[in-house]
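For reference, the chains in residue letters:
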Amino acid sequence: MTKPVIGFIGLGLMGGNMVENLQNRGYQLNVMDLNKEAVATCVARGAKTVTTAKELAASSDIVMLCLTTSAVVEKLVYGDDGILAGIKEGSVLVDFGTSSPSSTRKIGADLAAKGAGMIDAPLGRTPAHAKDGLLNIMAAGDLETFNKVKPVLDEQGENVFHLGALGAGHTTKLINNFMGMTTVCAMSQAFAVADLAGVDRAQLFDIMSAGPSNSPFMKFCKNYAVDGVSDLGFSIANANKDLGYFLKMVEDLGTESKIAEGSSANLQAAFDAGLGNGNVPEIFDYFVKLAK
């Protein structure tokens, strides 16, 4: 069976490695990104480049996005030379980014009016996993559309989950990131408070990691606060964005989350202090300065 042609927009660390994996597995790619070097790298491996999202959508069977925000996604979908203007009937748009579920459902409805489908499929794991096709993929959308793209998702992910109606993937990812980023904020501040109280940070980790609080996120925090190694590849800016989306989703559901509000306030303060490009455990530096 002929492999579908894939259009891919967003060639950052994650997206670039996802494209490399697909190319290694024999897929033809149309690619687009503001980073010309990233585009050139894909073209050198056989991808084709396009100048507009409309052109990319018109020449692809599956359009994949790995972008930073819902605002960027909507600009690419709804622009005069955007995806919606060029997408073919029967094609599918897959959004791998972490986006607002309400935005996702709106885009899906507008695509459906043109006879195209949509899957929201946010990702778990790292760019290294992307290169090897070993991501966790939290996909959602109607089952027929999901089954149409599942063979390709299976080449990109070790674990591919179908979570229900469109938007459920982004909802699940936001809940997941709320839990994870709140844990990082709490543990990073715990290390900072230990300093204030005269408790050795390494000893604090040894004690806490011997109990039920132990987690991979705790280890990432220890790696930075104790060892000075920043190895969680997720920025404070991205975490701040995701917590904002989570709070908006909570508001849309008619409830509230004081815990998320606290984590969001800390992430925003660290961002405002110029730490946005640092990995999330580096919020420890903000808490240390706060204590002085």
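Up top is the structure.
Attention here is on the structure that accompanies the text. Given the structure is predicted, the values throughout are model-derived calculations rather than measurements.

**Looking at the pattern of salt bridges**
Here is step 1 of the chain: Evaluation of the coordinates by the stated rule reveals 14 salt bridges.
Here is step 2 of the chain: Of the charged contacts, one joins Asp61 and Lys88 as a salt bridge, the two residues approaching to 3.3 Å between their closest N and O atoms. Taken as a pair, Asp61 in the loop between α3 (53-58) and β4 (62-65) and Lys88 in the loop between α5 (83-86) and β5 (92-95) lie far apart in primary sequence, 27 residues in all.
Here is step 3 of the chain: What makes Lys88 partly exposed here is its relative accessible area of 31%.
Here is step 4 of the chain: Linked through salt bridges whose partners overlap, the residues forming this network are Lys3, Arg25 and Glu155.

**Thoughts on the packing of helix α12 (residues 236-252) against helix α13 (residues 258-275)**
Here is step 1 of the chain: Taken N-terminus to C-terminus, the directions of α12 and α13 make an angle of 145°; their axes are 9 Å apart at the nearest point. Handedness of the α12/α13 crossing: left-handed. Where α12 approaches α13, its residues Ile236, Ala237, Ala239, Asn240, Leu243, Phe246 and Leu247 are matched on the opposing element by Ala260, Glu261, Ser263, Ser264, Leu267, Gln268, Ala270, Phe271 and Leu275.
Here is step 2 of the chain: Partitioning the contact of α12 with α13 into residue classes produces 11 nonpolar, four polar and one charged.

Rules of the game
Residues numbered from 1 in each chain as written. Predicted model: local features only at pLDDT ≥ 70, side-chain atom pairs only at ≥ 80, totals over all residues. Heavy atoms only, no water. Salt bridge = Lys/Arg side-chain N within 4 Å of Asp/Glu carboxyl O. Helix = DSSP H or I, 4+ residues; strand = E, 2+ residues; numbered from the N terminus. Buried < 20%, exposed > 50% of the residue type's maximum accessible area, 1.4 Å probe, protein only. Axes fitted to C-alpha atoms, helices over the stretch in contact; angles between N-to-C directions. Left-handed = near helix turned anticlockwise from the far one by under 90°. Contact = heavy atoms within 4.5 Å. Nonpolar A, V, L, I, M, F, W, Y, C, P; charged D, E, K, R; others polar.

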